[in-house]
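This is what each chain is made of:
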Amino acid sequence: MFAIRRILGAFAVASSLALTSSSVAAQESSEVLRVVATLPPQAGLASQVGGDAVQVDCIARGKENLHAVRLRPSHMVSTHRADLFVQVGLALEHAWVPGLLEASRNSRIANDGPLNIGTGWPNLVEIPLTLSRTEGVCVHPLGNPHVNLCPSFGAFAARKIRDRLKSLRPELSEKFDANCAAYEVRIAERAKRWKRIAALLEGKKVVQYHKEFSYLCIACGIERCGALEPKPGVPPTPAHLAKMAVKMRDDGVKVVLRGAWTPLRLAQDAAARGGAKAVEIPVMTEKGETWLDFMDRAHETLLEAWDLTLPEDGLNMKLADD
Amino acid sequence: MKSISNITPSLSLLVLASVLGAPEALAQDSGPEENSPVGLLESPAMPRIYWGQTSRFTNSFNPAIGMAFDASLINMDSDDEDGFDARLNLAEVTMQGPLSPNWWGGFALETNSEEVALTESALYYTGLGDRSAIRAGKFFADFGKQMQIHVHDLDIPDRPAVLREYLGFELPGTGIQYDHWSPIGDDTAFRFSVGLFSEMSAHDHGDHGGHDDHEGHDDDHGDEHGGVEMHMEGGYRDLSDMIMTARATAMTDVGTNGVFQIGASIKTVPDFAFEGEGENDLAEEVEFEAEGLDQSVTGFDLTYEWNSDDGMSGWTLGGEFVRVSGDVAGEIVNDETALVDLEVFNGDVQGYYAFAQHDMDDTNSFGVMISTFEHLEEEAPEETETSIYWNHWPTEYTRLRLAAVNVDSEEEEDSQALVFQLNGWFGAHGHPYNW
Ligand SMILES: [Zn+2]
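Residues numbered from 1 in each chain as written. Chains lettered and ligands numbered in written order. Predicted model: local features only at pLDDT ≥ 70, side-chain atom pairs only at ≥ 80, totals over all residues. Heavy atoms only, no water.

Enquirer: Just checking my understanding: could you explain the overall build of chain B for this structure?
Expert: Along chain B, the regular secondary structure elements total 2 helices and 18 strands. When the accessible surface of chain B is totalled, it reaches about 15,900 Å², and 55% of it is carbon and sulfur. (Helix = DSSP H or I, 4+ residues; strand = E, 2+ residues; numbered from the N terminus. Areas by Shrake-Rupley, 256 points an atom, 1.4 Å probe, with all protein chains shown as cover.)

Below, the structure is given as structure tokens:
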């Protein structure tokens, strides 16, 4: 039993050390608001709106499947200390966020709840018409949750973040209002260019690997002709791919859109069978990139997919305003 | 694959707890109700086996029900046993649900088609503070990295041989456990647990084609070796005579793509008996018993996991060294010169397992596992089990596995087995966060 006592003693010392370190952390959090965002787009928006009043940590790295982001110990630590947890919601992160929130045991988040940016999203698409167990898995049970690729996401999300920050730090309300308003102006400037690109893309047809570009396609007037996945979250089956190859040829689809996380070879082969090519589109903001840059990149990649270029004067719109 | 033992996919019962038991705020939002035909589908988040949800159906009813299925086709090649065998390793039904924001409970019922066993039935209390929890009832004891979840949930084809020998296929105990985790710096989580148990069974649902010295259920809460069983008297006992388990572990980020974990575990059994039957000098069946024995099992584990930027491929390397000390074995000794008796062997035996797994993409992984250990016997004969395996996930909730197992035994004949395994998960399914 002596060995056991020693082990228990070591546990006690180690845990009290750890407790001390975390209570120091709790005091610090009363000054700068600690924000944890599930995905880089909303992390960037939170930084824009919060300015120096927030410290933002982000969980996803930028190339993952948004439904299946892997968590690390640091995510549990940052979520435990967070004053605000920002997710898209709409069941986008439901496979990994509830477990993170439970395991990280943050009573502030448990009481206030995370900020779900997708709540109240006005143009939800691809809502399943029926729900039947016989149809198996669907990772978009509430409709398409990939709203971060919609050009109107920026302003929509920035306002939601602003409102929550104001409720957490009412004394800084003016600052958050001003930051948000300034950011919306910049979004509106960039959006002019996105609209001009959209005009060139109107009427083009695509098939998606996973239906994660639907909002971008809708904004650009691109017609969606189905997905390589038989259902969101269900890996492509040979029978479904054969059907899609026929459909792509019948509909004249020339481009298959895929995220970096999807199997390249499979997407290329499936596209080739349908007489199309596979094109990678960013699914999230990547390191060092703002949401505006990311949306620029997404639009430009679409232009390249059809070998299109925006007439010269359009480039002047993209001034270094970040 | 996204190994159940890694941090992300091992969301599990705790995920379920968050879905079911946590304040509503934790649940994902439902989206605009006016646009959604889904109506009450407010919280589709469910524990995952692999990743994603096990079903798109709301789990907000209480309790959540899950099922698991595990069957194998085995081709065995050894001197004692040869040929094909089809086995239902397990069918499992689980139910879990909240009792209040701070309490939740669940149970798991398992059968291998011969017997039914209640392997888990516990209440969990989280009202002590931010990072502490207490569980009470019957639940899997906290030992090492590959012992906390059901065999069918492991990425590796079977419980590592050294753990089967020293701890049993599963380690459900009846008792109470306290656990607490704390952040250390920004990148490290430290956690410890201490459990006290009045009994702990070496419950078993048949192995998957490897060396087969555990057959069928052993509901006597004992671990059988050569006809001699480890047995704990029922009834009241001193606190110091309870079985104790403890585990301390730290996991930390290694860069942006890796996680490293280190852990130490102990299980002590301060007062038990070895029991066995044998023939006495008059050729009568007699029961033998040796009481007042004690034994401890200690383990030290390391795990490293790395995944690619897109999270779809990666490597997992893991291993654990395990040592049993004290009264490690009992044997009915019947030589010509002495009286028949149950002899107890006091000493140390040890072993380890190590594995490497490569996730090729989100539906395929392969790996190799080796486990070498000394048997719980006086001579401590050594055995090495080596398996190579390939896991394929046609969907998130079905897994096909092909494994080749070689057993190299100092004491018995060597054997080889080829195992084709099929697993399916239905509805809610999960296990506590795998620390
Ligand atoms: Zn999706």
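Enquirer: Even after reading the chapter, I still don't get the sheet that holds strand β7 (residues 255-258) of chain A, so can you show me in this structure?
Expert: As a general point, the strands of a sheet are linked pairwise by backbone hydrogen bonds and lie either parallel or antiparallel. Residues and elements named next belong to chain A. Spatial ordering of the open sheet is given by β6-β5-β7-β8, a layout of 4 strands whose pairing is parallel. Looking at strand neighbours, the two that pair on one side only are β6 (223-227) and β8 (277-280), the edges of this open sheet. Between one strand axis and the next, the sheet turns through 35° on average, direction left out of account. In this structure, strand β5 (residues 205-208) lies alongside β6, joined through 3 bridges in parallel fashion. Within the sheet, the bridge partner assigned to Gln208 lies in β6 and is Ala227. Set on the sheet, helix α9 (residues 238-251) makes contact with β5, β6 and β7; between it and β6 the angle comes to about 160°. Contacts from helix α11 (residues 291-305) reach β7 and β8 within the one sheet, and its direction differs from that of β8 by about 160°. (Pairing = 2+ DSSP bridges. Axes fitted to C-alpha atoms, helices over the stretch in contact; angles between N-to-C directions. Contact = heavy atoms within 4.5 Å.)

Enquirer: It is not clear to me how the coordination of the zinc ion should be interpreted in this structure. Could you clarify?
Expert: Think of it this way: four donors in a tetrahedron around the metal ideally sit 109.5 degrees apart, and six in an octahedron ideally sit 90 or 180 degrees apart. Residues and elements named next belong to chain A. Here the zinc ion is held by the protein donor atoms His67 (NE2), His140 (NE2), His146 (NE2) and His210 (NE2), which lie 1.9 to 2.0 Å from it. In this structure, the zinc ion is surrounded by 4 donor atoms whose angles at the metal cover 107 to 113°, and the resulting shape is tetrahedral. Each donor residue of the zinc ion belongs to the same chain, with the gaps between them written as H-x72-H-x5-H-x63-H. Pair noted here: His67 is in the loop between β2 (54-58) and α3 (73-81) and His146 is in the loop between β4 (115-116) and α6 (153-168), with a separation of 79 residues, a long-range link. An identical accessibility class is assigned to His67 and His146; each is buried. (Donors = N, O, S within 2.8 Å, 3.2 Å for Na, K, Ca; no water. Tetrahedral: all angles 85-135°; square planar, octahedral: opposite > 155°, others 65-115°. Buried < 20%, exposed > 50% of the residue type's maximum accessible area, 1.4 Å probe, protein only.)

Enquirer: In this structure, what is going on with the nonpolar core? I would like to understand it.
Expert: Across soluble globular proteins, nonpolar side chains show a tendency to be buried alongside one another. Counting residues in hydrophobic clusters, the biggest one holds 78 residues, and the most contacted among them are Trp121, Phe153, Ile161, Leu257, Trp291 and Leu302 of chain A. Split by domain, the residues of this core number at least three in each of domain 1 (2-187) and domain 2 (190-316) of chain A. What Leu257 of chain A contacts, discounting residues up to four positions off in sequence, is Val206, Val207, Gln208, Tyr209, Phe213, Cys217, Val279, Ile281 and Leu302 of chain A. Judged by nonpolar contacts, the second largest core, of 49 residues, contains Leu154, Tyr353, Ala380 and Ala417 of chain B. (Core = buried A, V, L, I, M, F, W, Y, C linked by side-chain atoms within 4.5 Å. Domains from an automatic or database assignment.)

Enquirer: I would appreciate a short explanation of the sheet that holds strand β3 (residues 84-87) of chain A in the present structure.
Expert: Residue and element names in this part refer to chain A. Spatially, 4 strands are ordered β2-β1-β3-β4 in an open sheet, and the strand pairing comes out parallel. Where the open sheet ends on each side, the last strands, each with one partner, are β2 and β4. Here strand β1 (residues 33-37) pairs with β2 via 5 bridges, running parallel. Within β2, the residue paired with Arg34 across the bridge is Gln55.

Enquirer: How do you make sense of the domain arrangement of chain A when you look at a structure like this?
Expert: Interface size, as often reported, equals the accessible area lost upon joining of the parts. All names here are of chain A. Assigned domains of chain A: these are domain 1 (2-187) and domain 2 (190-316). Taken together, the 35 residues of domain 1 in the interface contact 31 residues of domain 2. Carbon and sulfur atoms supply 64% of the area that domain 1 and domain 2 bury against each other, a total of about 2,700 Å² over both sides. When residues of domain 1 are sorted by the area they lose upon contact with domain 2, Lys63, Leu149 and Pro151 head the list and together hold 25% of the total. For the pair domain 1 and domain 2, the number of links is 2 salt bridges. Counting every contact that joins domain 1 to domain 2 gives 14 residue pairs in polar contact (both at pLDDT 80 or more). Contributing elements (two or more residues each) for the side of domain 1 that touches domain 2: α2 (40-50), α6 and α7 (173-201). In terms of residue count, the dominant contributor to the side of domain 1 that touches domain 2 is α2 (4 residues). Within the side of domain 1 that touches domain 2, the residues separate by chemical class into 19 nonpolar, 10 polar and 6 charged. (Buried area = accessible area lost by both parts, 1.4 Å probe. Salt bridge = Lys/Arg side-chain N within 4 Å of Asp/Glu carboxyl O. Polar contact = N/O pair within 3.5 Å; in protein donor to acceptor, adjacent residues only side chain to side chain. Nonpolar A, V, L, I, M, F, W, Y, C, P; charged D, E, K, R; others polar.)

Enquirer: Looking at this structure, I do not really get the packing of α2 of chain A against α7 of chain A. What am I missing?
Expert: The packing of two helices is summarised by the inter-axis angle and the distance between the axes. Residues and elements named next belong to chain A. Across the interface, α2 lies against α7 with an axial gap of 7 Å and an inter-helix angle of 125°. As summarised for this structure, α2 and α7 are arranged oblique, according to the angle between their axes. Every residue of α7 that contacts α2 at Leu45, Gln48, Val49 and Gly50 is listed here: Lys175, Phe176, Asn179, Cys180, Tyr183 and Arg186. Here the residues of the contact of α2 with α7 are counted per class, giving 5 nonpolar, 3 polar and 2 charged. (Parallel < 35°, antiparallel > 145°, perpendicular 65-115°, else oblique.)

Enquirer: What should I look at first to understand the pairing of strand β3 (residues 103-111) of chain B in this one?
Expert: On a regular strand, each side chain points to the face opposite its neighbour's, so the side chains alternate between the two faces of the sheet. Residue and element names in this part refer to chain B. Relative to β3, strand β2 (residues 82-100) runs antiparallel, the two being bridged by 9 bridges. Counterpart to Ala91 in the pairing with β3 is Thr111. Remark: 2 residues form the turn of the hairpin made by β2 and β3, two consecutive strands paired antiparallel. Pairing of β3 with strand β4 (residues 116-125) involves 9 bridges; the strand directions are antiparallel. Across the sheet, the residue bridging to Leu109 is Leu118, located in β4. The antiparallel pairing of β3 with β4 creates a hairpin that spans 4 residues between the two strands, and Ser113 there sits at a positive phi of about 80°.

Enquirer: Mind showing me how you'd approach the state of the cysteines here?
Expert: A disulfide bridge is the covalent bond that connects two cysteines by way of their sulfur atoms. All names here are of chain A. What the rule picks out here adds up to 0 disulfides over all chains. Its sulfur unpaired, Cys180 is 16 Å from the next cysteine sulfur, which belongs to Cys150. Cys180 sits in the buried class, given a relative accessible area of 0%. No disulfide involves Cys217; its sulfur sits 7.2 Å from the nearest other cysteine sulfur, which is in Cys220. Classification of Cys217 by relative accessible area gives buried; the value is 0%. (Disulfide = S-S within 2.5 Å.)

Enquirer: Help me out: how do you make sense of the packing of aromatic side chains in this one?
Expert: One pair of aromatic rings is described through two measures. These are the centre distance and the angle between the planes. Across all of its chains, the model carries 12 aromatic pairs over all chains by this definition. Each ring, one from Trp121 of chain A and one from Tyr215 of chain A, has its centre 5.9 Å from the other, and the planes form 85°; the classification is edge-to-face. Of this pair, Trp121 of chain A sits in the loop between β4 and α6 while Tyr215 of chain A is found in helix α8 (residues 214-220), placing the two residues 94 residues apart along the sequence. Looking at Tyr215 of chain A, the relative accessible area reads 3%, which means it is buried. The interplanar angle of 80° and the centroid separation of 6.1 Å between the aromatic rings of Tyr209 of chain A and Trp261 of chain A together place this pair among those described as edge-to-face. With Tyr209 of chain A in the loop between β5 and α8 and Trp261 of chain A in the loop between β7 and α10 (264-273), this residue pair connects regions lying 52 residues apart in the sequence. Assessed through its relative accessible area of 4%, Tyr209 of chain A is described here as buried. Judged by relative accessible area, Trp261 of chain A falls into the buried class, the value being 4%. Taken together, the ring pairs in this structure connect Trp121, Phe156 and Tyr215 of chain A into an aromatic cluster. Its end group placed over the ring of Trp181 of chain B, Arg131 of chain B keeps NZ or CZ at 5.9 Å from the ring centre. Sitting over the ring of Phe139 of chain B, Arg135 of chain B keeps its end group 5.9 Å from the ring centre. (Phe/Tyr/Trp six-rings, centres within 6.5 Å; stacked < 30°, edge-to-face > 60°. Lys NZ or Arg CZ within 6 Å of the ring centre and 35° of its normal.)

Enquirer: Would you take a moment to explain the pattern of salt bridges for this structure?
Expert: Note that side chains of opposite charge can pair when their charged atoms are close. Within the structure shown, the criterion is met by 28 salt bridges over all chains. Between Asp52 of chain A and Lys175 of chain A there is a salt bridge; the shortest N-O distance is 2.3 Å. You can see Asp52 of chain A sitting in the loop between α2 and β2 and its partner Lys175 of chain A sitting in helix α7, a full 123 residues away along the chain. A residue is classified by how much of its surface remains accessible, and Asp52 of chain A, at 62% relative accessible area, is exposed. Measuring nitrogen to oxygen at the nearest pair gives 2.7 Å for the salt bridge that ties Arg247 of chain B to Asp301 of chain B. On the criterion of sequence distance, the pair formed by Arg247 of chain B in strand β10 (residues 243-254) and Asp301 of chain B in strand β12 (residues 285-307) is long-range, its members being 54 residues apart. Neither residue differs from the other here; Arg247 of chain B and Asp301 of chain B are each classed as buried. Three or more residues are tied together by salt bridges with common partners; here these are Lys63, Glu286, Glu289 and Arg297 of chain A.

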